Amino acid sequence: MKQSLRASTCAHHPGIAGVTGLVLLLLSTFTLPAAEPSSPNAVRSFLENNCYDCHQGESAEAALDLEKLSFDLGDSGNLQRWVRVYDRVHEGEMPPADYGEADPKERRAFLSATHHGLTNFQTGIHTKYGRVRGRRLTRKQIERSLQDLLAIDIPLLDYLPEEQKTEGFTTVASGQGMSHFQLAAHLETVDIALDEAFRRALSPEDEYQRDFDAKGVARTNPKRRCREPEMRNGKAVIWSSGMIYYGRMPATTAKTDGWFEFEVTVSGLKLPKTGGVWSTVRSGPCVSSAPLLSNVTTFEAMEKPQVVKFTTWLPKGHMLEIRPGDTTLKKGRFAGGQVGVGEGEPQDLPGIAFDRVTMKQVHLNGGDDQVREYLLGDLKVEPQKDKRKPWKVISKNPKTDAERLLTRFASRAFRRPVTSDEMQPYLEEVNAAIDDKADFVDAIRLGYRALLCSPRFIYFAEEPGSLDDYEVATRLSYLLTGSTPDDQLMQLASDGKMRDPETLKQQTRRLLSGSGGERFLHDWAAEWLDLDQIDFTQPDAKLYRDFDPIVEQAMLQETETYLGEMLEENLSVSRLIDSDFTYLNSRLARYYGIDGITGGELRRIKLKPQDRRGGLITQGAIMKVTANGSNTSPVIRGVWVSERLLGVEVPPPPSNVPAVEPDIRGAKTIREQLAKHRSQGQCASCHTKVDPAGFALENYDPTGKWRDHYPKLQGRNVKKGPEIDASYELPSGMEFKNIDGFQKIVTSHPHRLAANVAEHLLVYGTGAKIEYVDRPQVELIANKAAAEDFGFRTIIEHVVSSDLFLSK
């Protein structure tokens, strides 16, 4: 059965009922047929002669009983098992070398039959249903779409439920649910967005601006011991301390929710030998009943006053806390959890001194005129005496105006033109409200609410086969911007040009230029590289005392800025693994042990061999997200690097094989533990692939610092433990002694790196994982990218013009 999502019965039930109907429709239409190889006898014969001895019965290795493995590929578990069997035979892993070589003719017949069976089955499914089914917007995409549709800027993410990742991404349809809880949260979010839009459209401009001198941000009573800055030589001063909220500034308390632009004139006092006084800016209520603070920015205060500029969201009642934040600084001791004037000075502490702080409320996504234009078009707005509704919209023909405004908005929200018939269900509710003498604004708000709760807004309405121009514009926009298509994309779709390869290339470059590229990389790297998990673990303060939020923030900036150069300069994806440059500021350089770097801003650094850095793979952010905060695991890092960067798929461990536990049969090092683990035959095939990358990175601790020895904690002291051995052998038989050797081997094969980047982009951008039948298309993308040295931007451009991206 083929039923158009754009013409489904859900269209007649706008709002939440429509979403529920669409979910039920999706669940009811997909019945996968059984299938079998073109020559089942060739398959069974090969397995009987080469595999049954180890993979048969209850004691089958890796819990894989091939005798009972069904040809029913409609069972996703069976399908994945057959793909895995094919891959292992194709790569020469099955049968194992010690079993004896399989008959070449029999092996070819097995591979051919299995290949055709898998390909024919998946091709049939894709032809009938498409590669991706029932894909909806993620919470981040909903937030950004509502902001762009309404020209508002309030954060909406926290009103929507957290989402799980499938294949590493929240965009994958098979992992997306739609529960009643999610529907209710979506409705609440839409109401909050519309409330803000109508507030701004029908009220005076938000205006709040303050200019504080030093006394304005210092404590109001110098005799009171507290945690606000103290006056010293005409400046407001905060000393280095571990006391929470020390450095809070009640003067900066937001009177209402909003974005605020700050300029802070600040200098450093009693600078340490390492340079300036690295400091943090955080925000929150700054009271004991609300202990959490949000990170805003960091800066290095020098002896000469400088102006630090930043923009941050402050909920009503939240204020700034600005303080020295470098954990390596000497810290003061203050009795009773409060600080008196003059108590820090005798302790010879580093500090920061404020001359001036200015704050101004701003809007980031368009002014109020833009909000009014999106909601009300050219209708006039006049003031009235009603305090509850001080502004009135003047409409001489309410129903006509409502239809015009809602139809225009629906085309933007649904990401394609809409017909009058499609609009009728939404207009009926609005017209009924107008007939009941409802205020015009209240009536059209019902219409906007219904449109934004429609499945046509929440879901990607795509038909099996090639995408039409509007579907291509939508998919491209959400891949690169995380939001609804802009006017230029919609016009190109209307002109029928969005499937043209040259147009796609031009639009990709336009959307990735400037801040657009930064936003894309921030969004994609957050999921592809797990950068959104960098706060998931907190490094052990006893073992890693120099690590602090300043270092962490610099690490994130290093990785995103590095990727930015790869994109802008179209550098080869081999730079993911090795390079002779990175981006550092003085604090991160000091943390990495690289001398001669000064300044608080990130700048491009030419690396030397003794720096032991190079490529994304050695950057601190990557090292932190692949460790647990206390120690490192070559397996965890090896799996991560294999899957995210090297393009090596790692299947889950067999259910009948225990995880690696400490001290297996007396083993004392992780290398010895894994050697014993690999001695269990079914474990060797996977660990041979993942362990090399993990061991190559063992010299980097859980916070990204280089180490030659494992740490050993004795009381409060950290001693040198066993020396680290980062050598290993790759499945190809090539050996390396350290990270340098590993990088040289991997970068000599950039084709696989390019194919891996293409795979992750396709999964992220289409919402479907790469299946067996998709592999030739991925290889084609990598082959095309070879002409430009596998450039990062080139791969993106070939992805968006590929058949996989341009079809459902």
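Residues numbered from 1 in each chain as written. Predicted model: local features only at pLDDT ≥ 70, side-chain atom pairs only at ≥ 80, totals over all residues. Heavy atoms only, no water.

Q: Could you give an account of the overall build of the chain, naming the residues involved and the relevant values?
A: When you go through the chain residue by residue, the secondary structure sums to 26 helices and 18 strands. A globule of 808 residues ought to have a C-alpha radius of gyration of about 28 Å, and the chain, at 30 Å, matches this closely. Counting only C-alpha atoms and orienting by the principal axes, one finds that the chain spans roughly 90 × 75 × 45 Å. In the chain, which comprises 808 residues, the share counted as buried stands at 52%. Intrachain contacts of the chain at a sequence separation of at least 6 include 73% that bridge at least 24 residues. (Helix = DSSP H or I, 4+ residues; strand = E, 2+ residues; numbered from the N terminus. Rg over C-alpha atoms; globule rule 2.2 N^0.38 Å. Buried < 20%, exposed > 50% of the residue type's maximum accessible area, 1.4 Å probe, protein only. Contact = heavy atoms within 4.5 Å.)

Q: Before we move on, could you go through the packing of aromatic side chains and cite the residues and values that matter?
A: Enumeration according to the criterion identifies 20 aromatic pairs in this entry. Look at phenylalanine 262 and phenylalanine 310: their rings are 5.3 Å apart centre to centre, the planes differ by 20 degrees, and that puts the pair in the stacked class. Of the two residues, phenylalanine 262 sits in strand β5 (residues 258-269) while phenylalanine 310 sits in strand β8 (residues 306-314), which places them 48 residues apart along the sequence. The two residues phenylalanine 262 and phenylalanine 310 agree in class, both being buried. Seen from the ring of phenylalanine 805, arginine 475 lies directly overhead, with NZ or CZ sitting 5.7 Å from the centre. (Phe/Tyr/Trp six-rings, centres within 6.5 Å; stacked < 30°, edge-to-face > 60°. Lys NZ or Arg CZ within 6 Å of the ring centre and 35° of its normal.)

Q: Got a sec to walk through helix α23 (residues 739-747)? Specific residues and values, please.
A: Within the span of α23, buried status applies to Ile739, Gly741, Phe742, Gln743, Ile745 and Val746. The N-terminus of α23 is capped by asparagine 738, whose side-chain oxygen sits 3.1 Å from the backbone nitrogen of aspartate 740. (Polar contact = N/O pair within 3.5 Å; in protein donor to acceptor, adjacent residues only side chain to side chain.)

Q: Which residues make up the environment of arginine 44, and what values go with them?
A: Structurally, arginine 44 is set in helix α2 (residues 40-50). When the C-alpha positions of arginine 44 and aspartate 148 are compared, they lie 57 Å apart, and in sequence the two are 104 residues distant. A polar contact is formed between the side chain of arginine 44 and the backbone oxygen of leucine 66, at a distance of 3.1 Å.

Q: Can you lay out helix α3 (residues 76-90) for me, pointing to particular residues and giving the numbers?
A: Taking 1.5 Å of rise per residue, the 15 residues of α3 would be expected to cover 21 Å, and the 21 Å separating its terminal C-alpha atoms lies within 8% of that figure. Among the residues of α3, those classed as buried are Asn78, Leu79, Trp82, Val83, Val85, Tyr86, Asp87 and Val89. Against the buried residues of α3 lie α2, α4 (104-129) and α25 (775-785). Glycine 92 lies just past α3 and shows a positive phi near 80 degrees. (Expected span 1.5 Å × (residues − 1).)

Q: Mind laying out the state of the cysteines, listing which residues take part and the relevant values?
A: In protein chemistry, a disulfide is the covalent bond that joins the sulfur atoms of two cysteines. The full count for this structure, using the stated rule, is zero disulfides. Left unpaired, cysteine 54 is separated from the closest cysteine sulfur, that of cysteine 51, by 8.4 Å. For the unlinked cysteine cysteine 286, the closest cysteine sulfur is that of cysteine 226, found at 13 Å. (Disulfide = S-S within 2.5 Å.)

Q: Talk me through the pattern of salt bridges; I want residue IDs and the actual numbers.
A: Enumeration over the complete set of coordinates arrives at 49 salt bridges. The partner of aspartate 530 in a salt bridge is arginine 644, and the shortest N-O contact between them spans 3.1 Å. Of the two residues, aspartate 530 sits in the loop between α16 (515-528) and α17 (549-568) while arginine 644 sits in helix α20 (residues 634-646), which places them 114 residues apart along the sequence. By relative accessible area, which is 14% here, arginine 644 ends up buried. One salt-bridge network, held together by shared partners, links Arg88, Glu91, Glu93 and Lys689. (Salt bridge = Lys/Arg side-chain N within 4 Å of Asp/Glu carboxyl O.)

Q: Summarise the pairing of strand β15 (residues 709-714); cite the residues concerned and give the values.
A: Sheet faces and side chains relate simply in a regular strand, where the side chains alternate between the two faces. Of the pairings in the sheet, the one linking β15 to strand β16 (residues 717-723) comprises five bridges and is antiparallel in character. When the bridges of β16 are listed, proline 711 appears paired with lysine 720. Hairpin remark: β15 followed by β16, antiparallel, with two residues in the connecting loop; positive phi at glycine 715, about 65 degrees. (Pairing = 2+ DSSP bridges.)

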